[in-house]
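Fold and geometry: a report
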Number of protein chains: 2
Amino acid sequence: MKEQFYKYIENLQDTITSKLEEVDGLAKFEEDLWRRKEGGGGRTRVIENGNVFEKGGVNISAVHGELPEVLRKQFKVKEGNFFACGLSLVLHPINPFVPTVHANWRYFEMYDDTGNIVTQWFGGGQDLTPYYLFDEDATHFHSVCKSACDKHNPEFYPKFKKVCDEYFWNTHREEARGIGGLFFDYLKETDEYTIKERFNFVTEIGSSFLESYIPIVNKRKNSSFLKEHKDWQEIRRGRYVEFNLVHDRGTLFGLKTNGRIESILMSLPPIVQWKYNHQPKENSEEDRLLKILASPKDWV
Amino acid sequence: MKEQFYKYIENLQDTITSKLEEVDGLAKFEEDLWRRKEGGGGRTRVIENGNVFEKGGVNISAVHGELPEVLRKQFKVKEGNFFACGLSLVLHPINPFVPTVHANWRYFEMYDDTGNIVTQWFGGGQDLTPYYLFDEDATHFHSVCKSACDKHNPEFYPKFKKVCDEYFWNTHREEARGIGGLFFDYLKETDEYTIKERFNFVTEIGSSFLESYIPIVNKRKNSSFLKEHKDWQEIRRGRYVEFNLVHDRGTLFGLKTNGRIESILMSLPPIVQWKYNHQPKENSEEDRLLKILASPKDWV
């Protein structure tokens, strides 16, 4: 399973980066290969200063070795070996009418003393963070998520949409990071599903990513905008930073387990503003966004 | 003691904000009074878009009530009432040759069922974050810190300087946030010191602040700079954000105990950049700064 999923994310990284370069039309991804001292490594691909993308990364990694202490505590085991691989992406477009997107699909295995798999699972999801909200874009993004889920189980979409809304919640601001999408974790073998069926589901979701995001980018990337739109985008990017550094489990896990800092923090936006006590004008588009982020809604 | 210290920080806020307005020459502090639902409140003063200061805040607060859960856990008590007051300031100058400064001086009391003081202590400190390092500025800042400490005990400066270097350490970057200063906490009544003597020490430190910082601002505020210097300042401000959101106990405490978000996050810089894997040119001034931040040194 691990070879199969790693091959999948290797190919998916190629597919996604090629398509993004085509859409951007100017910038190319720069690749960094890195190794992890304790075992494994990754292939980081970063795009900067494009026509469309101000900054973004599409990274894969496969790491293994002894379970780090934070995971031993979390899983309540004394010791053990693990393998983990996944693809993570974040894209910060220049145009404030194009939303930021984040996605991650991953696979995890834990072993006993003799090297047998004790437990294995998939996790991941994708979510959209608009600065100006076009309802039709939110509906498109969620519809693609739903269609991909529905091929496997009609209960998946509502369930994983809800988990996503709960996860990407900036508790200290009482608002959502964006308009959500999907989030799932610990998809293990059960009476109902084989691990191969879990693989089929997660790869279905991963392969639906470009369809969920690219049409939105193409529709909005040439919209004209003013400095005030860009300022608003940069202020909202501040909330993105706050979520990632204060609440995001993946980021904090990476920072506290000696992960490759530059690959983890490629998720942070290129230029960010913090203004004291900024409040948009009442009934403005900016104000409408805040109201929607205050209580997640259904888009499909 | 609490009235005495609160009166002190009230006056100190006035003294500091007047002097900063004089040095800035353009912007004035805007004041926000706020109340805490559970008891107490604060007086937030923020300056933005000045001649010298791009963004800054000098805030006082005095809060009281039942101990929040995180403090009950930290102090290992089942229940209790507390009082806490303090002054916090952060100043982000426009000119990249002027360092950012942070300071905080505070007082805490805890009570038993009958309202008697169980324990009381002072804490605080000040530290400097340059973007371009002038050794003479670092020496000036630390000399003022040392002189203020030495009036009370010659062991204080080396001790609190070391604690400061350890505290403002960005573990995930393996580098200091800046060139340090002083950091002290839990300064209680002991056989050696009465609580009044602790008060005298902390207020001595607070009152030395303007002398430690203003001469540096005046010396550097009119230095001419290029876009590349400003870019470097904004990239380094990113490290400041990382420290405050990932590691700073005060910030995280505020975010997790329902503090006033805008007063807590006024510490974040106005404009920040994150570039992927940015490395300054070897032997440049930027490179020299990084080398010094990698291992704290003695400045006096």
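Residues numbered from 1 in each chain as written. Chains lettered and ligands numbered in written order. Predicted model: local features only at pLDDT ≥ 70, side-chain atom pairs only at ≥ 80, totals over all residues.

This part is about the overall build of chain A. On a plain count of helices and strands, chain A comes out with 10 helices and 10 strands. Computed over C-alpha atoms, the radius of gyration of chain A comes to 19 Å, within 12% of the 19 Å expected from 2.2 N^0.38 for 300 residues, which places it in the range of a compact globule. Projected onto its principal axes, the C-alpha coordinates of chain A cover approximately 60 × 40 × 35 Å. By the burial criterion, 44% of the 300 residues in chain A qualify as buried. In chain A, the share of contacts with a sequence separation of at least 24, taken over all contacts with a separation of at least 6, comes to 66%. (Helix = DSSP H or I, 4+ residues; strand = E, 2+ residues; numbered from the N terminus. Rg over C-alpha atoms; globule rule 2.2 N^0.38 Å. Buried ≥ 20, exposed ≤ 12 C-beta atoms within 10 Å, placed from the backbone. Contact = placed C-beta atoms within 7 Å.)

Regular strands place side chains that alternate from one sheet face to the opposite one. All names here are of chain B. In terms of strand pairing, strand E5 (residues 100–111) meets strand E6 (residues 117–129) through 12 bridges, oriented antiparallel. From the neighbouring strand, valine 101 faces E6, where its bridge partner is leucine 128. Between E5 and E6, which follow one another and run antiparallel, lie five residues, and glycine 115 among them has a positive phi close to 90°. Examined bridge by bridge, E6 and strand E9 (residues 180–187) share six bridges and lie antiparallel to one another. (Pairing = 2+ DSSP bridges.)

Turning our attention to the pairing of E5(B). Residues and elements named next belong to chain B. Sheet topology note: the strand E4 (residues 81–93)/E5 ladder contains 11 bridges and is antiparallel. Across the sheet, alanine 84 pairs through a bridge with phenylalanine 108, a residue of E5. If you look at the hairpin formed by E4 and E5, you'll find six residues sitting between the two strands.

For the rest of this paragraph, the subject is the sheet that holds strand E4 (residues 81–93) of chain A. What holds strands together in a sheet is hydrogen bonding between their backbones, with the strands either parallel or antiparallel. All names here are of chain A. An order of E1-E2-E3-E4-E5-E6-E9 is seen for the seven strands of this open sheet, with the pairing classed as antiparallel. Lying at the two open borders of the sheet, with one neighbouring strand each, are strand E1 (30–35) and strand E9 (180–187). The average angle at which neighbouring strand axes cross in this sheet is 5°, direction not considered. Bridge count for strand E3 (residues 53–66) against E4 is 13 bridges, and the pairing is antiparallel. Looking at the pairing, glycine 57 lines up with valine 90 of E4. (Axes fitted to C-alpha atoms, helices over the stretch in contact; angles between N-to-C directions.)

Our focus in this paragraph is the interface of chain B and chain A. How big an interface is tends to be expressed through the accessible area that disappears when the partners come together. Each side of the interface is counted separately: chain B has 23 residues, and chain A has 23 residues. Counting only elements with at least two residues in the side of chain B that touches chain A, the list comes to strand E2 (40–48), helix H7 (227–247), helix H9 (261–264) and strand E10 (271–273) of chain B. Here the side of chain B that touches chain A gets four residues from one element, more than from any other, and that element is H7(B). Looking at the side of chain B that touches chain A, its residues break down into 15 nonpolar, three polar and five charged. Of the pairings in the sheet, the one linking strand E10 (residues 271–273) of chain A to E10(B) comprises three bridges and is antiparallel in character. Counterpart to Ile271(A) in the pairing with E10(B) is Gln273(B). (Nonpolar A, V, L, I, M, F, W, Y, C, P; charged D, E, K, R; others polar.)

Before going further, it helps to spend a moment on the packing of helix H3 (residues 135–150) of chain A against helix H6 (residues 209–220) of chain A. Residue and element names in this part refer to chain A. Running from N to C, H3 and H6 point in directions that differ by 160°, and their axes come no closer than 8 Å. If you check the angle between H3 and H6, you find them roughly antiparallel. H6 is crossed by H3, and the crossing has right-handed handedness. Together, Asp137, His140, Phe141, Val144 and Cys145 of H3 and Glu211, Ser212, Pro215 and Ile216 of H6 make up the contact between the two elements. Residues belonging to the contact of H3 with H6 are distributed by class as follows: five nonpolar, two polar and two charged. (Parallel < 35°, antiparallel > 145°, perpendicular 65-115°, else oblique. Left-handed = near helix turned anticlockwise from the far one by under 90°.)

The next subject is the relation of the copies chain B and chain A. If you rotate chain B by 180° and push it 0.0 Å along the axis, it lands on chain A with an RMSD of 0.0 Å. With respect to symmetry, the two chain copies, as superposed, fit the operation of a two-fold axis. If distances are taken from each C-alpha of chain B to the rotation axis, the shortest is found for Val272(B), at 2.5 Å. Taken together, the interface assignments show that 100% of the residues at the interface of chain B recur at the interface of chain A, consistent with an identical surface on both copies. (Least-squares fit on C-alpha atoms with pLDDT ≥ 70 in both.)

This next bit is on the confidence of the model for chain A. Summary statistics for chain A give a mean pLDDT of 95 and a share of 100% for residues scoring 70 or more. The ipTM assigned to the predicted complex is 0.93, against a pTM of 0.94. (pLDDT = per-residue confidence, 0-100.)

Below, the discussion takes up the packing of helix H1 (residues 2–24) of chain B against helix H6 (residues 209–220) of chain B. Residues and elements named next belong to chain B. For the pair H1 and H6, the least separation of the axes is 11 Å and the interaxial angle reads 10°. As summarised for this structure, H1 and H6 are arranged roughly parallel, according to the angle between their axes. Judged by residue contacts, Ile16, Lys19 and Val23 of H1 engage Phe209, Leu210, Ile214, Val217 and Asn218 from H6. Of the residues assigned to the contact of H1 with H6, the class counts are six nonpolar, one polar and one charged.

Our next topic: the sheet that holds E4(B). Residues and elements named next belong to chain B. Read from one edge of the open sheet, seven strands run E1-E2-E3-E4-E5-E6-E9, paired in antiparallel fashion. Every other strand in the sheet has two partners, leaving strand E1 (30–35) and E9 as the edge strands with one partner each. Strand-to-strand twist across the sheet, computed as the mean angle between neighbouring axes with direction ignored, equals 5°.

What follows deals with unusual backbone geometry. We note that Asn277(A) has phi near 50°; this positive angle belongs to a residue other than glycine. As for its placement among the helices and strands, Asn277(A) is situated in the loop between E10 and helix H10 (285–294).

Residue and element names in this part refer to chain B. Relative to the 16 Å expected for 12 residues at 1.5 Å per residue, H6 spans 17 Å between its end C-alpha atoms, a close match to the ideal helical length. Within the span of H6, buried status applies to Phe209, Ser212, Tyr213, Ile216, Val217 and Arg220. For H6, the buried positions fall inside an angular range of 105° around the axis, keeping them on one side. Lining the buried residues of H6 we find H1, E4, E5, E6, helix H3 (135–150) and helix H5 (195–207). (Expected span 1.5 Å × (residues − 1). Arc of directions from axis to C-beta.)

The next subject is the nonpolar core. By size, the foremost hydrophobic cluster in this structure holds 142 residues, and its most contacted members are Phe160(A) and Phe160(B). Looking at which element gives the most residues to this core, the answer is E4(B), with seven residues. (Core = buried A, V, L, I, M, F, W, Y, C linked by C-beta atoms within 7 Å.)

So, on to the environment of Asp24(B). All names here are of chain B. Turning to its location among the elements, aspartate 24 is positioned in helix H1. Sequence-wise, aspartate 24 and lysine 221 are 197 residues apart; in three dimensions their C-alpha atoms are separated by 9.3 Å. In this view, aspartate 24 contacts Ile47, Gly50, Asn51, Val52 and Phe53; residues no more than four positions away in its chain are not counted.

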